[in-house]
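The chain contents come next:
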Amino acid sequence: MNIALIAHDNKKRLMENLCVAYRHILSKHKIYATATTGQIVEDATNLPVSKYLAGHLGGEQQMCSQIALNDIDLVIYMRDPLCNRHYEQSTINSLMQLCDIHNIPAAGNLATAEALLLALDRGELDWRLNLKR
């Protein structure tokens, strides 16, 4: 399955720790990420990560495009709920709306991310594979 990883600046360490803890699950899947997040995850886990541009340079839009094409199966977006920048809020809303349209499981915090990764490992998200036939 294709997993998308995005993290706001002050959540990148949290994403790194999540990926290290769940490396055994992530290693079975293809990982996509925005540039800085992808590099951090790649360095910490030694897993290959397909990297887009930095989020603020269009990486989040690239991710949205892949989601719109239904090429992503799971999104983990470690976002800062206290971020009030209009640009970032509109991007988050667009990304989450696309996940809703295409029934792509999406996590916006650590608790949901862990639940989705464990469900993925148990095969509970295998129904996504049937959508690609």
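Predicted model only: the values in this text are computed from it and were never measured. (Residues numbered from 1 in each chain as written. Predicted model: local features only at pLDDT ≥ 70, side-chain atom pairs only at ≥ 80, totals over all residues. Heavy atoms only, no water.)

Visitor: Give a detailed account of the side chain of lysine 12, specifying residues and quantitative values.
Guide: Mapping lysine 12 onto the fold places it in helix 1 (residues 12–21). Among buried charged residues, lysine 12 stands out as having no salt bridge; its nearest opposite-charge side chain is aspartate 9, 4.0 Å away. There is a polar contact of 2.9 Å between the side chain of lysine 12 and the side chain of threonine 37. Setting aside anything within four residues of it in sequence, one finds lysine 12 in contact with Ala7, Thr36, Thr37 and Ile40. (Helix = DSSP H or I, 4+ residues; strand = E, 2+ residues; numbered from the N terminus. Buried < 20%, exposed > 50% of the residue type's maximum accessible area, 1.4 Å probe, protein only. Lys, Arg positive; Asp, Glu negative; His and termini not counted. Salt bridge = Lys/Arg side-chain N within 4 Å of Asp/Glu carboxyl O. Polar contact = N/O pair within 3.5 Å; in protein donor to acceptor, adjacent residues only side chain to side chain. Contact = heavy atoms within 4.5 Å.)

Visitor: Explain the sheet that holds strand 4 (residues 74–78) to me, using residue names and the numbers behind them.
Guide: Ordered by their spatial adjacency, five strands build an open sheet running 3-2-1-4-5, and the pairing between neighbours is parallel. The open sheet has two edge strands, strand 3 (49–51) and strand 5 (106–107), and neither has a second partner. As defined by bridge partners, strand 1 (residues 2–7) adjoins strand 2 (residues 30–33) across four bridges and the pair is classed as parallel. Following the sheet pairing, isoleucine 3 is matched in strand 2 by isoleucine 31. Packed onto the sheet, helix 3 (residues 35–45) meets strand 1, strand 2 and strand 3 and runs at close to 160° relative to strand 3. With respect to the sheet, helix 6 (residues 110–121) is in contact with strand 1, strand 4 and strand 5, its orientation differing from that of strand 4 by roughly 155°. (Pairing = 2+ DSSP bridges. Axes fitted to C-alpha atoms, helices over the stretch in contact; angles between N-to-C directions.)

Visitor: I'd like a description of the pattern of salt bridges, backed by residues and values.
Guide: Under the counting rule described, the total for this entry stands at five salt bridges. Across the salt bridge formed by aspartate 121 and lysine 28, the nearest N and O atoms sit 3.0 Å from each other. Of the two residues, aspartate 121 sits in helix 6 while lysine 28 sits in the loop between helix 2 (23–26) and strand 2, which places them 93 residues apart along the sequence. One salt bridge connects aspartate 73 with arginine 128, and the closest N-O pair in it is separated by 3.2 Å. Residue aspartate 73 is located in the loop between helix 4 (59–68) and strand 4, and its partner arginine 128 is located in helix 7 (residues 127–130); the two are separated by 55 residues in the primary sequence.

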